[in-house]
Amino acid sequence: MKTIKYVLLAVAAPVLLGACESLETQPTDRIINEYFWQTDDDAIMAVNGAYSKLAASDYMYLDCATDLLWNQTSWGPAHLLGNGSQDAELWNWTKEKWQSAYEMIQRCNYVLENIDQVPGMQEDLRNRLCAEVRFLRAMTFSDIAFLWGDVPLTKTTLDIKSAQMSRTPHAEVIDFVIDELKDIDNYLPESYPSADVGRVTKGAARAMLMRAYMRENRYAEAKEVAKSIMEMGRYDIYPSYEKLFRYEGENCIEVIFDKQFVATNYNHSFTKLLVPRSCFGDGHIVPLQGLVDAYQMLNGKFIEEEDSGFDPYNPYENRDLRLKATVLTPGAVMQNGEIFNPLPGQTPTGTDAIDNSNSSVSRTGFNFTKYVNPEDLNESNNNCHNNIILIRYAEVLLSYAEAKVETNDMDQSVYDAINKIRERAGLPLITTGKSPQELIDIIRQERKVEFPLEGIRYFDIRRWKIAEEVMPGQTYGMTYPDANGQLVTVRAENRRFNPARDYLWPVPFRERNVNKNLTQNPNY
């Protein structure tokens, strides 16, 4: 059941929710402190207002600033970040992310400052609700500290005067995140009754703590936290990768934390970003050939290896099962039952054929099957309600394996963790006796093909400091035989990545114009 009812609270809560003079009746168009915070339900409503600010498609867009995906429209949120053209002064996604992050933080701080006003609230409930918003705040700070480095660490609600804060050193922000996630562990349950499914659990807090350590390459701590999640015995790998991201997989044993949606009442139109034009999509987020090529053959060999069995004229067969569960490839049956045919230059041109003058079709010849439910494909595509997974158990297993190897603590549990992922993908299991570097290469490969559209690749290539290797240069779309049988490769965009600048985002010009205490990141 998807039962968290999200309600929107004002961004400037302390200002807009202040008491009005000469007000004799309770207003119906806003929340007023004088009348609010009277019941447990008021507090729960305020906490739900923070949940509503959870990012969802943001993590999909983050992967478009990696070597795997492309936000192909020039006005797309991650287009400039992907090709290295982001700037502090031009319109770009960075200012929207900064604003939405601090809206979330403001809402969380507002709850923490006011929840004690509720008379007669049971201490367990108060502690749990506070732990939920502390988690949401910590998760947000973890994200933005990675994206910008130093960011203002705001622990109280802000007005115009108090918003004139300087940037807090990155290490101090991360220490706050870690301390918060450790402290709330005791106040959160391992699970909820059906009416509250989707709220923050103990497992979610631990997984976010593990992720925070991984982003800082603090492998010894990450290993112990991941192990504690595994020992809970509450999570496991869901049998079907394909169904995991559809309605069948919602609230399954692999999901640790997600953003929940409800048909009609709280829905989304993310599917439109992912599917072909003939499925009423607009193809704004598309896979690159680099993602498709990353999936191994079912025999465990990469396509470029000798004797892999790869056929360039039939390139999508006998591959890692995650390929077709993630990418809609040429010749595949689309979710509407028709054959996907993106080959360019057809006469007459097909609906889905590559056409660089049409922004509604994929310019790589690939779309997505991941997160696409056939029943959602309609002319509007705006009543989708599948949950967007934010943290799942596969990440715990692969983070545990990576942290074990990085701390020279290799044992059978490393192989077991990796093989749980590979078994679902239909790949041969990894045998013992691998060197540390071989295991690191295997783990990085698994993370690459396990998590497309989930934002993890963005953080991975930057914490590993390989973005400067994998990001620059020409990107490509599909390879197909022309009328003469010669293989032709579609060119996508040419990218650049400046390691002296692009590991951090620019502080938005608008924010620095309002707050003169904000400094800029190097080389912007």
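Owing to the predicted nature of the structure, the values given are computational and were not obtained by experimental measurement. (Residues numbered from 1 in each chain as written. Predicted model: local features only at pLDDT ≥ 70, side-chain atom pairs only at ≥ 80, totals over all residues. Heavy atoms only, no water.)

Some words on empty space enclosed by the protein
To keep things clear, this is the line we draw: With a 1 Å grid spanning the protein atoms alone, the term cavity applies to any set of points in which a 1.4 Å probe fits but cannot get out, the term pocket to an open set with protein on both sides within 12 Å along at least five of seven lines, and the term lining residue to any residue with an atom within 4 Å of a point. Grid points are joined across faces, edges and corners, and a volume is the space filled by probe spheres set on the points. Under the scheme used here, helices are H or I runs from DSSP no shorter than 4 residues and strands are E runs no shorter than 2 residues, and both carry numbers assigned from the N terminus. In this classification, Asp, Glu, Lys and Arg are treated as charged, Ala, Val, Leu, Ile, Met, Phe, Trp, Tyr, Cys and Pro as nonpolar, and every other residue, Gly included, as polar.
Under the criterion given, the structure shown has 3 cavities of 30 Å³ or more. Each pocket or cavity is described by its volume, and for the largest cavity that value is around 120 Å³. Taken together, 14 residues line the largest cavity, and the ones lying closest to its centre are Arg-211, Arg-215, Glu-395, Ile-456 and Phe-459. Elements with a contribution of two residues or more to the lining of the largest cavity: helix 8 (202-215), strand 6 (388-392) and helix 17 (456-463). Ranked by the residues each element gives to the lining of the largest cavity, the list is headed by helix 17, at 4 residues. The class makeup of the residues in the lining of the largest cavity is 6 nonpolar, 1 polar and 7 charged.

Quick word on the environment of Gly-76
Definition in use: Throughout this description, buried means an accessible area under 20% of the type-specific maximum (1.4 Å probe, protein chains only), exposed means over 50%, and partly exposed covers the range between.
With respect to the helices, strands and loops of the structure, Gly-76 is situated in the loop between strand 1 (69-71) and helix 4 (79-83). The buried category is assigned to Gly-76, whose relative accessible area is 4%. Each C-alpha atom of the pair Gly-76 and His-284 lies 7.3 Å from the other, and the pair is 208 residues apart in sequence.

Here's the deal with the packing of aromatic side chains
Heads up, the rule is: Pairing of aromatic rings covers Phe, Tyr and Trp, the last through its six-membered ring, and needs centres within 6.5 Å; plane angles under 30 degrees mean stacked, over 60 mean edge-to-face, and all others mean tilted.
According to the stated counting rule, one finds 20 aromatic pairs in the structure shown. Between Trp-98 and Tyr-102, the aromatic rings sit 5.4 Å apart at their centres with planes inclined by 40°, giving tilted as the arrangement. Taken together, the residues span about one helical turn, with Trp-98 and Tyr-102 both in helix 5 (residues 93-114) at a distance of 4 residues. Taking the relative accessible area as the measure of exposure, Tyr-102 reaches 16% and is therefore buried. Ring centres of Phe-245 and Tyr-371 lie 5.1 Å apart, and the angle between their planes is 70°; this geometry places the pair in the edge-to-face category. In this pair, Phe-245 sits in the loop between helix 10 (241-244) and strand 2 (255-259) while Tyr-371 sits in the loop between strand 5 (367-368) and strand 6, placing the two residues 126 residues apart along the sequence.

A few points about the confidence of the model for the protein
Let me state the cut-off plainly: What pLDDT expresses is the predictor's confidence in each residue, scored from 0 to 100. By the convention used here, residues are in contact when the closest approach between their heavy atoms is within 4.5 Å.
Per-residue pLDDT for the protein averages 91, and the proportion of residues at 70 or more is 92%. Note on residues 5-25: pLDDT under 50 across the span, and 45 contacts to partners over four residues away in sequence or across chains.

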